[in-house]
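# Coordinate inspection notes
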Amino acid sequence: MEHHVVVFAAGTRACVTLLALATSAIVTPYDTSSHLQAGGSPLAALSNWDGVYFSHIALNGYDFEHFHAFFPLYPLLARWLARLLPLETSAALITSGWLISNVSFVLAALFLYRLGCVVLRKEVVARRAAYLFCVVPSNIFMSAFYSESLMCLLSFSGMYFLARHAQAPKTRRSFWDLVLCALLFGASSATRSNGILLSFSGAVGMEDRSWCTNAVPNLTAMYSFIQREYWNVGLFRYYELKQLPNFILAAPIIVLSMHALHGYFRVVNALLVVHIQVTTRLLCACPPLFWHPAMLMCDPTVKRKASPVLTSYGRLVVGYFLLFTVLGSVLFPSFYPWT
């Protein structure tokens, strides 16, 4: 069944990319920052929004303070891969970012399936969860010049090796599973902030930019300061009346996550601290977000050899996932907000 998951994941990457490129060719972009930076690459539309920062970091490094909000592993990989491509520098960079994101996504779907098989011990549910991941509401970010796909790959694969080690008989446990888990989780910590449990205690009561006054800078304090200074990220900082539409757009993924995760830390963090629209992609690295609906989406009383019968809950979840997949693929390439 792994083959089916890989093929389906690759197929969704092709569909999302083609839809995004077709839309960008028809709709006039609201902002052309990415196009100016992409050197005429046909994939320029997939480097919008935060992709502008990632591509700039990959090309020029961290030459502005607020760029430190974006972790280095993904842009570094894009830079290294771009050197191997026979293209103009900017075009090679955008292409390498697209390749990393899409290959990472396919592998992430595979490891989510494997993780589900180990943890849930129900192959059908694990496969459904992997299929749901392939149409996750933040789908466009998974194919764009963003670090989400790489983060999911590192998280899911690290969880898989940890779960495999934990559930193996003591006499057959492999030390290398723990080594791989540690390396993958370490790499995820260099990919996105939700790869680590940041310590905010050092930021309490600090003066402006005090993170850089010490001989050994407090890097977690630096990250907290930059998020607060440039993006107004912090506890309840986003609770403003003007942000009500963004709360409404994020409501489905939050409700689904709370139902599935029962108060998991990331849901609390998404509700109280970060920009609410980021939750659509922030929570995509949480396996229970896909396991829970995968268990409930099909009617267990109906036995069919072909496709199973979706419950009302299943139709609602699948409809929501597909709707946001299409919305993102249509609006993101033209720099229009949708989450």
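Residues numbered from 1 in each chain as written. Predicted model: local features only at pLDDT ≥ 70, side-chain atom pairs only at ≥ 80, totals over all residues. Heavy atoms only, no water.

## Digging into the side chain of Ser-104
Among the structural elements, Ser-104 can be located in helix H5 (residues 89-119). Relative accessible area serves as the criterion here: at 5%, Ser-104 is assigned to the buried category. With residues near it in sequence (within four places) discarded, Ser-104 still touches Leu-99, Ser-149, Leu-150 and Leu-153. (Helix = DSSP H or I, 4+ residues; strand = E, 2+ residues; numbered from the N terminus. Buried < 20%, exposed > 50% of the residue type's maximum accessible area, 1.4 Å probe, protein only. Contact = heavy atoms within 4.5 Å.)

## Focus on unusual backbone geometry
Of note in this structure, Trp-49 is not a glycine but carries a positive phi near 55°. When you line up the elements, Trp-49 lands in the loop between helix H2 (33-37) and helix H3 (50-60). With a phi close to 60°, Arg-121 is a non-glycine residue in the positive phi region. On the secondary structure map, Arg-121 appears in the loop between H5 and helix H6 (123-134). You can call Arg-121 exposed: its relative accessible area is 64%.

## Some words on the packing of aromatic side chains
Counted by the stated rule, this structure contains 22 aromatic pairs. Between Phe-141 and Tyr-146, the ring centres sit 4.9 Å apart and the planes meet at 55°, which makes this aromatic pair tilted. Judged by relative accessible area, Phe-141 falls into the buried class, the value being 5%. The class for Tyr-146 is buried, based on a relative accessible area of 2%. The ring of Phe-111 carries Arg-114 above its face, with NZ or CZ at 5.3 Å from the centroid. (Phe/Tyr/Trp six-rings, centres within 6.5 Å; stacked < 30°, edge-to-face > 60°. Lys NZ or Arg CZ within 6 Å of the ring centre and 35° of its normal.)

## Looking at the UniProt feature "transmembrane region" (unreviewed entry) in the protein chain
Here the UniProt-annotated "transmembrane region" (unreviewed entry) positions come out as residues 91-117, 129-162, 247-265 and 312-336. With 100% helix and 0% strand, residues 91-117 has its two end C-alpha atoms placed 39 Å apart. With 80% helix and 0% strand, residues 312-336 has end C-alpha atoms that lie 31 Å from one another. (UniProt positions renumbered as here; feature names shortened; annotations may be inferred.)

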